[in-house]
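# Fold and contact review
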Amino acid sequence: MGKVIIDGAIVDNQWQRLEGDTLEGELPTGNIIVPLAYWQANRDALLSRGDVAVWLAPGEEPKDLEDDLAALPLVAIHFPAFKDGRGYSYARELRTRYGFKGEVRATGDVLRDQLFYMTRCGFNAFEVREDRSIEEALEGLNDFSVTYQGDVNEPRPLYRRG
Amino acid sequence: MYVYQEYDQRLLEERVAQYRDQTRRFLANELSEDEFLALRLQNGLYIQRYAPMLRISVPYGLLASRQLRRLAHIVRTYDKGFCHVSTRQNIQLNWPSVEEVPDILAELADVQMHAIQTSGNCIRNITTDEFAGVNPKEIEDPRPWCEIIRQWSTFNPEFAYLPRKFKIAVNAVPDADPALIGVHDIGVQLVHGANGETGFQVWAGGGLGRTPMTGAIIGEFVPWQDLLAYLESILRVYNKYGNRDNKYKARIKILVKALGAEKYRELVEQEFAELKGGEMTLTAEEVARIKGCFTAPDYQSVDTAALDAKLVEDKAFSRWFHTNTRAHKQAGYRAVTLTLKRTGRVPGDISDEQLEAVADLADKYSFGELRNSHQQNMVLSDVAANDLYDLWKALDALGFATPNLGLLTDIVACPGGDLCALANAKSIPVAESIQRRFDDMDYVHDLGPLDLNISGCMNACGHHHIGHIGILGVDKKGKEFYQVTLGGRGDKLSRVGEKMGPSFESEEITDVVEKIIKFYVEKRLENEPFIDTYERIGMDPFKERIYG
């Protein structure tokens, strides 16, 4: 079982993310994160399982999941490449527009130098790319002590914090 | 200028530490080339043809003399003793080493400077009129709003990995576009509402580069309190829907054009409806705090009698005065442009010793501040009229008093193929060749206002699209060619020029410019500037003369 950063701590990864093409036949037992399309096609069956989460690829927005968010324990946002920054806006929308309180997890090309921004946009869980040290990545959460803008964790911009 | 608080300084220092560690990990092979590329670009570091290039941020072009002296020290210690003023009002070093960049950043941080977001697919340096704050035509000083936008955009967590680079400019002059807002990703025009309250007309989707176009008005009147919420709304729509598959179609201009301004506005309004009135709303206290950093210096009452006498008795001084200095908000003061365009000098280049000399002049004559202009010149913005003669003498000795501001030989040119890895062709030798051809200053003055811009490739760092005459370097089977555009503007309004026809070889281009100029002289009405003649008679007669 791999490791994941959740709420600033390294813990065992309890979730398995499944790619679209591995979803033939029987699903694995235990916590699984399925693609949006698979979720939409099998929504009722998956909802009754209770241990299923959904991941969004770039181009798939939180609004596509709007009606299901209350029932989901976790939404993962996948970064096929770290340079594709759509996921930052998705995380922010999940938190501020839809008030999603569950885990928002970054998966894929997730690296130390992006973690600080990701946290500010509402991610609280990070599956750091496997070939990189998760311990070192954790340090990325502390890159800055100063932020000008408000963010998901501190909605007030610096000029309103008093 | 903006006064750094403890937290602003701490942020810079944390940035230096972060970047130092990123560099260390890259050199230790813990970061791949591609991973480091995105990180170093967000810090203005390019790997160029012969060496890296480091672009140092100069927010809205404003510099203090102590910062100039530090730049002088840096270019002497870490570079070859000169730097370059860019068309985004920034400063570029052409020969630093990757290993030493963290040390350069630490030196910069000491004087409240940095290289944050000077490149990469993020929000770049905010630019404005180089005469901001002293321009008698502006409705309000735009610099506080630039600073407010700067802070919002600095390390904005949501917009660090946009589809493409993103440039914002602010203008406060009605009926003119000295900040080129029409050709920016976002242009912010200060306006006053019916009751005199400050607001902003917000443009989006302009840009130069491969597909040049002017932007569309997205926000007719955004109240000042909502400025950041509105900008954030525009950026969020772009971040979500901008093209990520093809970097040549990734700028916001392509998205605005594809959706149409109406649809883009609708999407922005949806976002804005959520943000409006929220925590992002600007407070009167914060705006007052920032404005308090841009108050007028301690102007004195100035007797201009001595100046008037000098203007009569010294013709060279008078020519410089009328060409390189301009009217000021404050009676008895002028804004002086230092032209970095003497023939034989790379446009925009300045040496360490010159930087120090200019810093001294800024201290002596202009309250210790100066500005970079997007035409690659520098400005001493607050010079008392009775100091102008002495200042002119000093600038003349430095080679910064060439009286060609806004004239044909005040050429804007990117570093081009001599230095830049992206370039298709050289720019600097073309600029020099044209300057040498037009070496008769009387003739250049007789021609009147004329913007000539040269870019070495379609990335358009030399802003060739908005030159009255634009020259673009293109590559044809490994040979350097130059395409000419006419009728671009970056003065009263921003407008993209029109291609004249097939491109020219490098040996021909200066002759072509001369033919264009001669044809203009034949056709012009009395006192008619080039651009007006062009607009009156159109492209066809020019085409016929050149290709016919």
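Refer to the structure printed above.
Overview of the structure. Model, not experiment: these values are computed from the prediction.

## Remarks on the interface of chain B and chain A
At the junction of the two partners, chain B supplies 47 residues and chain A supplies 35 residues. Interface area for chain B against chain A, summed over the two sides, is near 3,700 Å², with a carbon-plus-sulfur share of 50%. Taken as a group, B:P157, B:Y161 and B:E279 account for 20% of the area that chain B buries against chain A, more than any other trio of residues on that side. Between chain B and chain A we count twelve salt bridges in total. For B:K240, the salt bridge identified is with A:E93, shortest N-O distance 2.5 Å. Counting across the chain B and chain A interface gives 29 residue pairs in polar contact (both at pLDDT 80 or more). When contributions to the side of chain B that touches chain A are tallied by element, the ones reaching two or more residues are helix 1 (6-27), helix 2 (33-41), helix 5 (143-153), helix 6 (227-241) and helix 8 (261-275) of chain B. Per-element tally for the side of chain B that touches chain A: the top contributor is helix 1 of chain B, with ten residues.

## Considering helix 11 (residues 315-324) of chain B
Residue and element names in this part refer to chain B. Within the sequence span of helix 11, burial applies to F317, S318, W320, F321, T323 and N324. The elements touched by buried residues of helix 11 are helix 10 (305-313), strand 11 (325-326), strand 12 (333-338), helix 13 (388-398) and helix 15 (441-447). For helix 11, the capping residue at the N-terminal end is D314, with a side-chain oxygen 3.2 Å from the backbone nitrogen of A316.

## Re the packing of helix 1 of chain B against helix 2 of chain B
All names here are of chain B. Orientation of helix 1 relative to helix 2, taken along the N-to-C sense of each, is 160 degrees, at an axis distance of 10 Å. Viewed along their axes, helix 1 and helix 2 adopt a mutual orientation that is roughly antiparallel. When the axes of helix 1 and helix 2 are compared, the crossing they make is left-handed. Each of R15, Y19, Q22, T23 and F26 in helix 1 lies in contact with helix 2, whose residues at this interface are E33, F36, L39 and R40. For the contact of helix 1 with helix 2, the class distribution of residues is four nonpolar, two polar and three charged.

## What about the pattern of salt bridges?
Opposite charge on two side chains permits pairing when their charged atoms draw close. In total, this model carries 67 salt bridges over all chains according to the counting rule given. A salt bridge links A:R120 to A:D151; its shortest N-O distance comes to 2.7 Å. Taken together, the positions of A:R120 in helix 4 (residues 112-121) and A:D151 in the loop between helix 5 (134-139) and helix 6 (158-161) put the pair 31 residues apart, joining distant regions of the chain. Among the charged side chains, a salt-bridge network with shared partners connects A:E61, A:K63, A:R92, A:E93, A:R97, B:E158, B:E232, B:R236, B:K240, B:E271 and B:E274.

Procedures and definitions
The residue numbering used here restarts from 1 in each chain and proceeds along that chain's sequence as written. Numbering of ligands from 1 and lettering of chains from A proceed in the order in which they are written. Where totals are concerned, whole chains, interfaces and linings use all residues; where local detail is concerned, this predicted model gives features only for residues with pLDDT of at least 70, and gives and counts side-chain atom pairs only at 80 or more. Computation of side-chain values covers all heavy atoms of the structure but excludes hydrogens and water. The criterion used for residue contact is that any of the two residues' heavy atoms lie within 4.5 Å. By buried area we mean the combined loss of accessible area, with a 1.4 Å probe, across both parts when two parts are placed together. A side-chain nitrogen of Lys or Arg and a carboxyl oxygen of Asp or Glu constitute a salt bridge if their distance falls within 4 Å. Within 3.5 Å is the distance limit for a polar contact, defined as a pair of N or O atoms, with the added protein rule that one can donate a hydrogen and the other accept it, and that residues adjacent in sequence qualify only through two side-chain atoms. Only DSSP runs of H or I covering at least 4 residues are called helices, and only runs of E covering at least 2 are called strands; the numbering of each starts at the N terminus. Partly exposed residues are those whose accessible area sits between 20% and 50% of the maximum for their type, while under 20% is buried and over 50% is exposed, using a 1.4 Å probe and protein chains only. All axes are obtained by fitting lines to C-alpha atoms, using only the stretch in contact for helices, and the reported angles, taken between N-to-C directions, cover 0 to 180 degrees. Oblique is the label for every angle not falling under 35 degrees (roughly parallel), over 145 degrees (roughly antiparallel), or within 65 to 115 degrees (roughly perpendicular). Here a crossing is called left-handed whenever its near helix is offset anticlockwise from the far helix by less than a right angle, and right-handed whenever the offset is clockwise. Each residue receives one of three labels: charged for Asp, Glu, Lys and Arg, nonpolar for Ala, Val, Leu, Ile, Met, Phe, Trp, Tyr, Cys and Pro, and polar for the others, Gly being one of them.

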